Amino acid sequence: LYHSFAIYLAPRYQLNDAVEHLFAHELFHYWNGRLLGAAKPEELVYWWIEGFTDYYALRILHDSRMWGDELFLKWLNRHIRDYYANPAIGESNEVIGRDFWKRRDTAGEMAYQRGLMLAVRWHALARRAGVADGLDALFLAMIQRARQGAFELTNDAIRTVGAERLGRWFAAEFDQYVIGAATIDLPEDALTPAFRGRIARIHEFDLGFDRERS
């Protein structure tokens with residue numbers, strides 16, 4: 001099949017924003033994960049492959065005006081909230097890669113969440129540093145190198161190209177948040193001028209018993 005996408009949904013499932021996000025995410029994997037392929041073990045760069053794909057899926061849906069502001073922010077805020085509530089927030093990429101399928105709800109989700117948080121942060125910092133295209137400049141540079149052949153996605157490669165394309169500040173950011181797995185802060189003006197961030201207290205729902213063991 002050429003330029004096609006196969007998906008199975010439950011009977012009478014509605015074509016809602018969850019399906020739209022799924023399509024946007026999976027179709028973007030043509031660029032991020034296929035054309036831009038990762039070296040083995042690819043789990044070490046899942047934060048880029050999955051997290052950046054989630055970020056660009058939201059960006060594309062919103063920038064194309066398929067999604068309005070409220071729907072875009074609903075998804076973005078959910079990702080941010082889940083990141084801070086994830087008990088695997090401080091785990092290394094090596095641990096996340098090892099446990100990605102064993103602890104899918106924590107270590108598995110952290111790969112998506114860490115990448116998305118870094119994408120939002122780095123896009124803002126890059127534009128603040130004078131890179132008009134922000135994070136897009138880095139991603140397109142990686143795609144260009146992949147098209148030229150003999151280029152595989154690794155953490156070292158991302159760090160090197162990022163520092164070259166976005167600025168020297170990127171290397172320190174990479175070491176702190178990707179290698180060191182430090183908790184990621186989002187600048188309140190990361191999405192300005194359209195949106196403004198703020199800090200809010202949230203409360204997690206507690207079912208009251210161990211659902212899995214019961």
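Report follows, based on the coordinates. (Residues numbered from 1 in each chain as written. Predicted model: local features only at pLDDT ≥ 70, side-chain atom pairs only at ≥ 80, totals over all residues. Heavy atoms only, no water.)

**Structural notes on the nonpolar core**
A general feature of soluble globular proteins is that nonpolar side chains tend to end up buried together. Going by this rule: The nonpolar core is taken to be a set of buried Ala, Val, Leu, Ile, Met, Phe, Trp, Tyr and Cys residues, with the residues joined through side-chain atoms within 4.5 Å. Note on classification: 1.4 Å probe, protein chains only; a residue is buried when its accessible area is under 20% of the maximum for its type, exposed when over 50%, partly exposed between these limits. By definition, any uninterrupted DSSP run of H or I lasting at least four residues is a helix, any uninterrupted run of E lasting at least two residues is a strand, and each is numbered from the N terminus. By definition in these notes, contact holds between two residues if any of their heavy atoms fall within 4.5 Å.
Counting residues in each nonpolar core, the largest one holds 59 residues, and the members touching the most others are L36, W47, W48, W122, M142, L153 and I158. At the level of elements, α1 (17–28), α2 (46–63), α3 (69–85), α5 (104–128), α6 (135–148), α7 (155–166) and α8 (169–179) are the ones that each hand at least two residues to this core. For this core, the element with the highest residue contribution is α5, accounting for 12 residues. If near-sequence neighbours (up to four positions away) are discounted, W47 is found in contact with F52, N93, A111, G115, L118, W122, N155, I158, F174 and V178.

**Structural notes on the environment of D175**
Structurally, the position occupied by D175 is in helix α8. Using a relative accessible area of 33% as the deciding quantity, one classes D175 as partly exposed. Taking the C-alpha atoms as reference points, D175 and L9, 166 residues apart in sequence, are found 40 Å from one another. Contact partners of D175, with chain neighbours within four places excluded, come to R159 and G180.

**Some thoughts on the packing of aromatic side chains**
For any pair of aromatic rings, the description rests on two quantities: the centre-to-centre distance and the angle between the ring planes. For clarity, the cut-off: Think of it this way: a Phe, Tyr or Trp ring, Trp meaning its six-membered ring, pairs with another when their centres are within 6.5 Å, and the plane angle makes it stacked under 30 degrees, edge-to-face over 60, tilted otherwise. Over a ring means this: the NZ of a Lys or the CZ of an Arg is within 6 Å of the ring centre and within 35 degrees of the ring normal.
The final tally for this structure, using the stated rule, is 23 aromatic pairs. Each ring, one from W47 and one from F52, has its centre 5.7 Å from the other, and the planes form 80 degrees; the classification is edge-to-face. Here the two residues W47 and F52 agree in accessibility, since each one is buried. Note on Y83 and Y84: the rings are 5.1 Å apart at their centroids and 70 degrees apart in plane angle, and the pair reads as edge-to-face. We classify Y84 as partly exposed; its relative accessible area is 38%. Site record: aromatic cluster; members linked through ring pairs are F28, W47, W48, F52, Y55, Y56, W122, F139, W169, F170 and F174. Over the face of the ring belonging to W75 we find R78, whose NZ or CZ atom lies 4.2 Å from the ring centre.

**With respect to a nonpolar patch on the surface**
What counts here: Every patch collects residues that have over 30% relative accessible area and no salt bridge, joining them within 9 Å if they carry like charges and within 5 Å if they are nonpolar side chains (Val, Leu, Ile, Met, Phe, Trp, Tyr). Only the protein chains shown count as cover for residues, with accessible areas throughout obtained via the Shrake-Rupley method and a probe of 1.4 Å. For this analysis, a salt bridge means a side-chain nitrogen from Lys or Arg found within 4 Å of a carboxyl oxygen belonging to Asp or Glu.
A cluster of nonpolar side chains, namely F5, I7, L9, Y13, L15, L22 and L27, defines an oily patch on the protein surface of about 610 Å² accessible area. Mapped onto the elements, L9 comes out in the segment before α1. By relative accessible area, L9 is classed as partly exposed at 38%.

**Brief notes about α1**
We count it as follows: Expected helix span is computed as 1.5 Å times (number of residues minus one). Counting of polar contacts relies on pairs of N or O atoms within 3.5 Å, with two restrictions inside protein: one atom must be capable of donating a hydrogen and the other of accepting it, and residues adjacent in sequence are counted only when both atoms are side-chain atoms.
The terminal C-alpha atoms of α1 lie 16 Å apart, and with 12 residues this matches the ideal 16 Å at 1.5 Å per residue to within 8%. Residues D17, V19, H21, A24, H25 and F28 constitute the buried set of α1. Looking at the packing, one finds that the buried side of α1 touches α2, α3, α5 and α6. For α1, the N-terminal capping position is held by N16, with its side-chain oxygen 3.1 Å away from the main-chain nitrogen of A18.

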